[in-house]
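Listed below, chain by chain, are the residues.
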Amino acid sequence: MKAEKDLISVIVPVYNVASYLPKCIKSIMNQTYSNLEIILIDDGSTDKSLQILEGYSKEEPNFIVLRQENKGPGEARNAGLKIATGKYVSFLDADDFYIDPKALE
């Protein structure tokens with residue numbers, strides 16, 4: 001019997017990065033490590049960032065989208081930490097992406 005992999009919570013603070021979000025999210029979805037909880041915190045975006053997040057969350061059951069008033073990336077990360085259930089946590093900025101699909105292995 002194969003042992004279950006530990007859950008990793010990936011926390012992404014999001015603020016007005018609609019043009020970067022698809023690449024960021026796809027880099028998380030393309031990870032070879034599959035036991036992931038993806039927590040996306042919209043920090044009061046005024047562009048289409050929230051709509052993009054909600055679109056992905058409808059298709060991906062392991063995506064959690066939070067929305068808060070703009071408080072900055074530190075507060076957004078802290079909001080994600082409060083609900084994270086993973087044994088491990090990874091932070092990724094919304095304008096960044098994982099180059100290596102094995103980054104979370």
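See the structure printed just above.
The rules behind each value
- Residues numbered from 1 in each chain as written.
- Predicted model: local features only at pLDDT ≥ 70, side-chain atom pairs only at ≥ 80, totals over all residues.
- Heavy atoms only, no water.
- Axes fitted to C-alpha atoms, helices over the stretch in contact; angles between N-to-C directions.
- Helix = DSSP H or I, 4+ residues; strand = E, 2+ residues; numbered from the N terminus.
- Parallel < 35°, antiparallel > 145°, perpendicular 65-115°, else oblique.
- Left-handed = near helix turned anticlockwise from the far one by under 90°.
- Contact = heavy atoms within 4.5 Å.
- Nonpolar A, V, L, I, M, F, W, Y, C, P; charged D, E, K, R; others polar.
- Patch = residues over 30% accessible without salt bridge, like charges linked within 9 Å, V, L, I, M, F, W, Y side chains within 5 Å.
- Areas by Shrake-Rupley, 256 points an atom, 1.4 Å probe, with all protein chains shown as cover.
- Salt bridge = Lys/Arg side-chain N within 4 Å of Asp/Glu carboxyl O.
- Buried < 20%, exposed > 50% of the residue type's maximum accessible area, 1.4 Å probe, protein only.
- Phe/Tyr/Trp six-rings, centres within 6.5 Å; stacked < 30°, edge-to-face > 60°.
- Lys NZ or Arg CZ within 6 Å of the ring centre and 35° of its normal.
- Core = buried A, V, L, I, M, F, W, Y, C linked by side-chain atoms within 4.5 Å.

(A) Seen up close, the packing of helix H1 (residues 21-29) against helix H2 (residues 49-59). Where H1 contacts H2, the two axes come as close as 11 Å, and the packing angle between them is 25°. Classed by the angle they form, the pair H1 and H2 counts as roughly parallel. Note on packing geometry: the crossing formed by H1 with H2 is right-handed. Contacts from Leu21, Pro22, Ile25, Lys26 and Met29 in H1 reach Ser49, Ile52, Leu53 and Tyr56 in H2. The residue makeup of the contact of H1 with H2, split by class, is seven nonpolar, one polar and one charged.

(B) Summary view of a nonpolar patch on the surface. On the surface, Leu81, Val89 and Phe91 cluster together into a nonpolar patch covering about 250 Å² of accessible area. Counting through the fold element by element, Phe91 comes out in strand E4 (residues 88-91). A relative accessible area of 41% places Phe91 in the partly exposed class.

(C) Layout of the packing of aromatic side chains. Inspection of every chain in the model, using the stated rule, returns one aromatic pair. A centroid spacing of 6.4 Å and a plane angle of 20° characterise the contact between Tyr56 and Phe63, whose relative ring orientation is stacked. Each member of the pair Tyr56 and Phe63 is classed as buried. Across from the ring centre of Phe97, 4.1 Å away, lies the NZ or CZ of Lys23, which sits over that ring.

(D) Highlighting the nonpolar core. Grouped together as the largest cluster of nonpolar side chains are 20 residues, with contacts concentrated most on Val10, Val12, Ile28 and Leu36. Only strand E1 (8-14), H1, strand E2 (36-42) and H2 provide two or more residues apiece to this core. Residue contacts for Ile28: discarding those within four places in its chain leaves Val10, Val12, Leu36, Ile38, Leu92 and Tyr98.

In short, geometric facts, not functional conclusions.
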